Structures are given as C-alpha cells and as structure tokens.
Amino acid sequence: MAAAASGDPRFDTGRLCLDLVATAAGRPRGPGEPVERLDGPERLGAWLIRSGLVPPGTALAADHDWLDRFRELRELLRRLVRAQLDGSPADRAGVRALGPDLDRLNAFAAPAPSAIRAVPGRDGTLVRALAGGPGCAALLSDVARDAIRLLTDPVARSRLRECEGDSCSRVYLDTSRGRRRRWCSSEICGNRERVARHRRRSTALNAAPPGQS
C-alpha cells in the first residue's frame, strides 16, 4: 500500500470499526489533538465509499449531522477499544464504568443495518447495491454491529494491538503467524522504523573514532 497523505484515511486495521477509530488515530505532532481525517461531510462520504459500506457511485446525502454522529460513534469506540487494550478489569466496577458507553453502542446498533442486494452492472456482472439508498442510522448500525462482534469475540479481542510506530497509535487486529506483527502497516510505519534504524546506525558509525567502526 502506498503511503497516504497525512489527512487521508487508511484501511489496514483488519476491521471496519477499527478503521473508523483510525480516522482520528495517530499521535499529534505537537500540542493538540490527533489529525482529523473526517474534517467535513465530503471526507465522510469518501470514507463510507472507500470502507466498502457504500458501493461506488451511490448518491450520498452526508451532511454535518452525519459527520457529528459518526464522530460520536468513533469516540465511543475509541474508549471501548482502549479499555480492552488497557486490560480494564471485567469485574462489576469495570462493567459499571463501561456501562454508559455500552448502552450507547447498543443504541447505535439497534436500527436495522443497510439492506444490500445484487444487481447487474454495466458489463453484466453482478455488483452490490443498497436497497432504498444509504441512511445514516443504518450505516452507523453497520459499524456498531461490527464493533459488538469484535468486542464480544474473545479470540478477536486477544488480537487487538496498538501500532508501535513513533507517530502512530492505530489499533489493528494481529492475524500474523506467531502474533508478532508490530505495526499497523509494514509498508508505512514499519518502513519508517527501518529507515530510522538505518539512520541511527549510520550516525553511530560516523561518530565512532577511526578504527572503531
């Protein structure tokens, strides 16, 4: 995967709900909040299509209300996923602490999800379409249901990892052999680490006294 511009969303976490969380992931380069990748309804519409939630060419009525609701769900998911990464106790006190967020997540998931259907494409092959057009509540439900499936699956939960990249905090599913994956993307964050390691070695060699390199 080619490196994305700083404001472009990426889809390398392994789950739809984590891809939404990643639209505000990434450690800030200075004081303030992480980079906002859903900075307007147009960006949200592009994310919905690139994520696969909405088939390409579908007319979208995404507005600022949609944007606010998707950002709300994103922050909710961020807190719930962080609780899993931090190993929050699964006792009564821990459940009570997560209770309001879980109630809100369940409310997001309550509406019927998007209805899909198979239709002939221009070349005669079958393509996916949404029945009745995309609605905000249904699309939010799609993401919330994916999160519920993730958070209630012990195997999937055990594979949650936070990227070790210096400027990245994306959370992803480690499905690698041996569960040794360190980065959300080997081509991006992994490559940055390899370049930085090479520079450190070169600097150390150049600084070494003659005969000790």
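A quick note: this is a predicted structure, and the numbers were derived from the prediction, not measured.

Quick word on the overall build of the protein chain
Logical step 1: Regarding its fold elements, the protein chain presents seven helices and four strands.
Logical step 2: What you see in the protein chain, going N to C, is helices and strands ordered as α-α-α-α-β-β-α-α-β-β-α.
Logical step 3: Across the 213 residues in the protein chain, those meeting the buried criterion constitute 38%.

What about the confidence of the model for the protein chain?
Logical step 1: Averaged over all residues, the pLDDT of the protein chain equals 83, while 74% of them reach at least 70.
Logical step 2: When pLDDT is averaged over each element of the protein chain, helix H5 (residues 136-151) comes out on top at 98 and helix H7 (residues 186-207) at the bottom at 61.
Logical step 3: A low-confidence stretch, residues 1-6 stays under pLDDT 50, and its non-local contacts, those more than four residues away or across chains, total 11 contacts.

Topic: the packing of helix H2 (residues 41-50) against helix H3 (residues 64-85)
Logical step 1: Running from amino to carboxyl end, H2 crosses H3 at an angle of 65°, the nearest separation of the two axes being 9 Å. Relative to H3, H2 is oriented so that their crossing is left-handed. Contacts from Pro-41, Leu-44 and Leu-48 of H2 reach H3 at His-64, Trp-66, Leu-67 and Phe-70.
Logical step 2: Of the residues in the contact of H2 with H3, the class split is six nonpolar, one polar and no charged.

Some thoughts on the packing of aromatic side chains
Logical step 1: Enumeration over the complete set of coordinates arrives at one aromatic pair.
Logical step 2: Between Phe-11 and Trp-47, the aromatic rings sit 6.1 Å apart at their centres with planes inclined by 35°, giving tilted as the arrangement. Placement of Phe-11 in the segment before helix H1 (16-21) and of Trp-47 in helix H2 is noted, with a sequence separation of 36 residues between them.
Logical step 3: According to the relative accessible area criterion, Phe-11 is partly exposed, its value standing at 22%.
Logical step 4: Against the face of Phe-108 rests Arg-104, its NZ or CZ located 4.4 Å from the ring centre.

Here we look at the pairing of strand E2 (residues 126-130)
Logical step 1: For strand E1 (residues 116-120) and E2, the ladder comprises five bridges, and the chain directions are antiparallel. Within E2, the residue paired with Ile-116 across the bridge is Leu-130.
Logical step 2: Between E1 and E2, which pair antiparallel in sequence order, lie five residues; one of them, Gly-124, sits at a positive phi of approximately 95°.

What to know about H2
Logical step 1: All of the buried residues in H2 are Pro-41, Leu-44, Gly-45, Trp-47 and Leu-48. Along the axis of H2, the buried residues cluster in a sector spanning 160°; they form a single face.
Logical step 2: Just beyond H2, the residue with positive phi is Gly-52, at close to 95°.

Points about the environment of Leu-60
Logical step 1: Tracing the backbone through its elements, the reader meets Leu-60 in the loop between H2 and H3.
Logical step 2: Using a relative accessible area of 27% as the deciding quantity, one classes Leu-60 as partly exposed.
Logical step 3: Between the C-alpha atoms of Leu-60 and Glu-42, which are 18 residues apart in sequence, the distance is 9.5 Å.
Logical step 4: In this structure, Leu-60 is in contact with Gly-45, Leu-48, Ile-49, Val-54, Trp-66 and Pro-134, ignoring residues within four places of it in sequence.

Re the environment of Cys-189
Logical step 1: One can find Cys-189 in helix H7.
Logical step 2: With 22 residues separating them along the chain, Cys-189 and Ser-167 place their C-alpha atoms 8.4 Å apart.

A closer look at the nonpolar core
As a rule of thumb, nonpolar side chains are buried together in soluble globular proteins.
Logical step 1: By size, the foremost hydrophobic cluster in this structure holds 35 residues, and its most contacted members are Leu-48, Phe-70, Leu-73, Leu-77, Leu-105 and Val-143.
Logical step 2: Those elements giving two or more residues to this core turn out to be H1, H2, H3, helix H4 (92-109), H5 and strand E4 (171-173).
Logical step 3: Discounting chain neighbours no more than four positions away, the residues touching Leu-73 are Leu-20, Leu-105, Phe-108, Leu-140, Val-143 and Ala-144.

Cut-off values and rules
- Residues numbered from 1 in each chain as written.
- Predicted model: local features only at pLDDT ≥ 70, side-chain atom pairs only at ≥ 80, totals over all residues.
- Heavy atoms only, no water.
- Helix = DSSP H or I, 4+ residues; strand = E, 2+ residues; numbered from the N terminus.
- Buried < 20%, exposed > 50% of the residue type's maximum accessible area, 1.4 Å probe, protein only.
- pLDDT = per-residue confidence, 0-100.
- Contact = heavy atoms within 4.5 Å.
- Axes fitted to C-alpha atoms, helices over the stretch in contact; angles between N-to-C directions.
- Left-handed = near helix turned anticlockwise from the far one by under 90°.
- Nonpolar A, V, L, I, M, F, W, Y, C, P; charged D, E, K, R; others polar.
- Phe/Tyr/Trp six-rings, centres within 6.5 Å; stacked < 30°, edge-to-face > 60°.
- Lys NZ or Arg CZ within 6 Å of the ring centre and 35° of its normal.
- Pairing = 2+ DSSP bridges.
- Arc of directions from axis to C-beta.
- Core = buried A, V, L, I, M, F, W, Y, C linked by side-chain atoms within 4.5 Å.

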